[in-house]
Amino acid sequence: MTGLSFLVLMLTGMPIAFVLIGATLVFVFLADRAAILSAIPQIAFGSVENFDLLAIPLFVLLGEIMNESGLTKRIIIAVRVWLTRVPHNLVIVNLISNLALAAIMGSATAQMAVMSRVVVPEMERDGYDRGYAAGLTASAGLLGPIIPPSMIFIIFGVIAQVSIADMFTAGIMPGMVLFVLILGLALFQAGRNRDPGHKGAPLPQGSKWRATVPGLATMAIPLVIVGGISFGIFTPTESAAVAIIVALLFGGVVFRELPWRSLPRIIDRTVTNSAGVLFLIMAAKIFGWVLTYNQIPQAAAAFIVSLTDDPIIFMLLIVAALTVVGMFLDGIAALIILTPILLPVATGQYGIDPIQFGVVMALTLVLGLLTPPVGTGLYIAAALSNVSILRLSKLVAPYIVATFLVILLVVFLPWMVRPF
């Protein structure tokens, strides 16, 4: 009954958070269990009463400040001036800049939007096919949810009650492997997607170091985040707060490109985006409680265990199932809904490390950003780059295959995600 109402409401196009609450209310009233309503406020409040969740609005605010102050463009310029003599240097600049932004923003959709606006026009001016540039930029956005800090890792850590710092460090090696695979594919395709007679886009003028120093200063922000967490100086939440202070100092005081009058607008966007995520977490917690009340997780666990007793086969089945789920459901929503169901089975029945399982879940669900019919990242890149969805879907396919390869590596080589 609960599952059917969930599917019906989702097909109406209702936002997923309201679908979850609606399905919960349908169950309460059709099952004549109105007494359950008295527990819902307590569950809702408890679901967001967690200090670690404070990292979400802080990292969203950090990304907004970086965009508004133009600090992201400084990274791109700093990388490019040192690669002017390297063939297809803008392809490499695109990937390195995405890697740097992934260590700052923590949001794949925000990263794809920024890079689609900044790098795709630059690559087109340099003679590259616009579709190729858009496909590469959208695919490089997959690094955002893997390279720390990662919003999806924060949410998994809170739900699974595992160390967020361990989740962050676990994402570094898979993220770097994915970076190398995407770079290799991009360089392999670059020659046939660039006009050989093109003279190239104008290069940054002046001393290389003059262009590099601001970019290096900007890179202090991810170093604060990753270094502070790795050496135990900050918690992930504290590192986000310190990084915001550093970004404000560079953007507003050192480079003076952050208009202080824009802060209310930045905070407004941060509150709006963060509230949406936190409301979704609350709605999913309520829905998950109803599922548990109906013993659906126990039934799902029994069904999965009946299929196989091999941990590797179990993981591969989960990857296949999550790939399909990610095509129709937002990755964060799917993570919130499915983690309480699947994680106890993975750890209890198969002895799988929760960190490894979390990385596999995140990597697989992140693919939904580039797969129709939902494909949020795909639509953002297509709209900002003026490339059709159909064409862009074909262009990102090789990068999706590369991501599947990284997922398989994490499944078969769990040491890749062990904390340092």
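In what follows, the structure referred to is the one given above.
A brief structural summary. Keep in mind that this is a model prediction, so the values were computed, not measured.

1. Focus on the overall build of the chain
So, point 1. Helix and strand counts for the chain come out as 21 helices and 0 strands.
So, point 2. Counting only residues that meet the buried cut, the chain has 54% of its 420 residues in that class.
So, point 3. Counted over contacts in the chain with a minimum sequence separation of 6, partners at least 24 positions apart contribute 77%.
So, point 4. Counting only carbon and sulfur atoms, one obtains 68% of the accessible surface of the chain, whose full area is about 18100 Å².

2. Some details on the pattern of salt bridges
So, point 1. Across all of its chains, the model carries 2 salt bridges by this definition.
So, point 2. For Arg130, the salt bridge is made with Glu124, and the minimal N-O distance between the two is 3.1 Å.
So, point 3. A relative accessible area of 30% places Arg130 in the partly exposed class.
So, point 4. Judged by its relative accessible area of 33%, Glu124 falls in the partly exposed class.

3. Observations regarding the packing of aromatic side chains
So, point 1. This structure, assessed with the given rule, holds 4 aromatic pairs.
So, point 2. Both rings, one in Phe18 and one in Phe279, keep their centres 5.5 Å apart while their planes meet at 50 degrees; by these two values the pair is tilted. Here Phe279 lies in helix H15 (residues 263-293) and Phe18 lies in helix H2 (residues 16-30), a separation of 261 residues in the sequence.
So, point 3. Taking relative accessible area as the criterion, Phe18 reaches 46% and is therefore assigned partly exposed.
So, point 4. Relative to Tyr350, the ring of Phe314 lies with its centre 4.3 Å away and its plane at 15 degrees, an arrangement referred to as stacked. Of the two residues, Phe314 is situated in helix H17 (residues 311-328) and Tyr350 in the loop between helix H18 (331-349) and helix H19 (354-366); the sequence distance between them amounts to 36 residues. Pair check on accessibility: Phe314 and Tyr350 agree, each one buried.
So, point 5. Ring pairs connect the aromatic residues Phe314, Tyr350 and Phe357, which therefore count as one cluster.
So, point 6. Across from the ring centre of Tyr128, 5.3 Å away, lies the NZ or CZ of Arg194, which sits over that ring.

4. Describing a nonpolar patch on the surface
So, point 1. A contiguous nonpolar patch, built from Ile245, Leu249, Val253, Val254 and Trp260 and spanning about 490 Å² of accessible area, is present on the exposed surface.
So, point 2. Within the secondary structure, Val254 is located in helix H14 (residues 236-254).

5. What about unusual backbone geometry?
So, point 1. Phi is positive for Gln161, close to 55 degrees, though the residue is something other than glycine.
So, point 2. Although it is not a glycine, Asn386 sits at a positive phi angle of roughly 60 degrees.
So, point 3. Among the secondary structure elements, Asn386 is positioned in the loop between helix H20 (376-385) and helix H21 (389-412).
So, point 4. For Asn386, a relative accessible area of 62% translates into the label exposed.

6. Quick notes on H21
So, point 1. Between its first and last C-alpha, H21 extends 34 Å over 24 residues, near the 34 Å set by a 1.5 Å rise per residue.
So, point 2. Ala397 marks where H21 bends most, by close to 40 degrees; the proline Pro398 follows one to four residues later.

7. As for the nonpolar core
So, point 1. Formed by 135 residues in total, the largest nonpolar core has its most connected members in Phe314 and Phe357.
So, point 2. When sequence neighbours within four positions are dropped, the list of residues in contact with Phe314 reads Ile304, Thr308, Val345, Ala346, Tyr350, Ile352 and Phe357.
So, point 3. Formed by 5 residues, the second largest nonpolar core is a distinct cluster that contains Ile40, Ile43, Ala44 and Met282.

8. Describing the environment of Met315
So, point 1. In this structure, Met315 sits in helix H17.
So, point 2. Given the relative accessible area of 3%, Met315 is considered buried.
So, point 3. A sequence separation of 35 residues divides Met315 from Tyr350, and the C-alpha atoms of the two residues are 9.5 Å apart.
So, point 4. In this view, Met315 contacts Ile352, Gln356, Phe357, Val360 and Val411; residues no more than four positions away in its chain are not counted.

9. Notes on the environment of Ile389
So, point 1. Tracing the sequence through the fold places Ile389 in helix H21.
So, point 2. When the C-alpha positions of Ile389 and Gly375 are compared, they lie 9.7 Å apart, and in sequence the two are 14 residues distant.
So, point 3. Setting aside residues no more than four positions away along its own chain, Ile389 makes contact with Leu378, Tyr379 and Ala382.

10. Section: the packing of helix H4 (residues 55-68) against helix H9 (residues 151-160)
To characterise two packed helices, one gives the angle between the axes of the helices and the distance between these axes.
So, point 1. Running from N to C, H4 and H9 cross one another at 175 degrees; their axes reach a closest spacing of 10 Å. It follows that H4 is roughly antiparallel to H9 by the angle criterion. Residue-level contacts link Ala55, Ile56, Phe59 and Val60 of H4 to Met151, Ile154 and Ile155 of H9.

11. Re H4
So, point 1. For H4, with 14 residues, the first-to-last C-alpha span of 20 Å sits near the 20 Å given by 1.5 Å per residue.
So, point 2. Of all the 14 residues making up H4, 12 are buried; the element is thus mostly covered by neighbouring parts of the structure.
So, point 3. The set of residues buried in H4 consists of Ala55, Ile56, Pro57, Leu58, Phe59, Val60, Leu61, Leu62, Gly63, Glu64, Ile65 and Met66.
So, point 4. Of the residues one or two after H4, Gly70 is the one with positive phi, at around 75 degrees.

12. A short note on the side chain of Asn193
So, point 1. Summarising the element assignment, Asn193 is placed in the loop between helix H11 (172-190) and helix H12 (208-218).
So, point 2. Residue class for Asn193 comes out buried when judged on its relative accessible area of 19%.
So, point 3. Excluding anything up to four places from it in sequence, Asn193 contacts Gly127, Tyr128, Asp129 and Tyr132.

Cut-off values and rules
- Residues numbered from 1 in each chain as written.
- Predicted model: local features only at pLDDT ≥ 70, side-chain atom pairs only at ≥ 80, totals over all residues.
- Heavy atoms only, no water.
- Helix = DSSP H or I, 4+ residues; strand = E, 2+ residues; numbered from the N terminus.
- Buried < 20%, exposed > 50% of the residue type's maximum accessible area, 1.4 Å probe, protein only.
- Contact = heavy atoms within 4.5 Å.
- Areas by Shrake-Rupley, 256 points an atom, 1.4 Å probe, with all protein chains shown as cover.
- Salt bridge = Lys/Arg side-chain N within 4 Å of Asp/Glu carboxyl O.
- Phe/Tyr/Trp six-rings, centres within 6.5 Å; stacked < 30°, edge-to-face > 60°.
- Lys NZ or Arg CZ within 6 Å of the ring centre and 35° of its normal.
- Patch = residues over 30% accessible without salt bridge, like charges linked within 9 Å, V, L, I, M, F, W, Y side chains within 5 Å.
- Expected span 1.5 Å × (residues − 1).
- Bend = angle between axes of the 7 residues up to and from the residue.
- Core = buried A, V, L, I, M, F, W, Y, C linked by side-chain atoms within 4.5 Å.
- Axes fitted to C-alpha atoms, helices over the stretch in contact; angles between N-to-C directions.
- Parallel < 35°, antiparallel > 145°, perpendicular 65-115°, else oblique.

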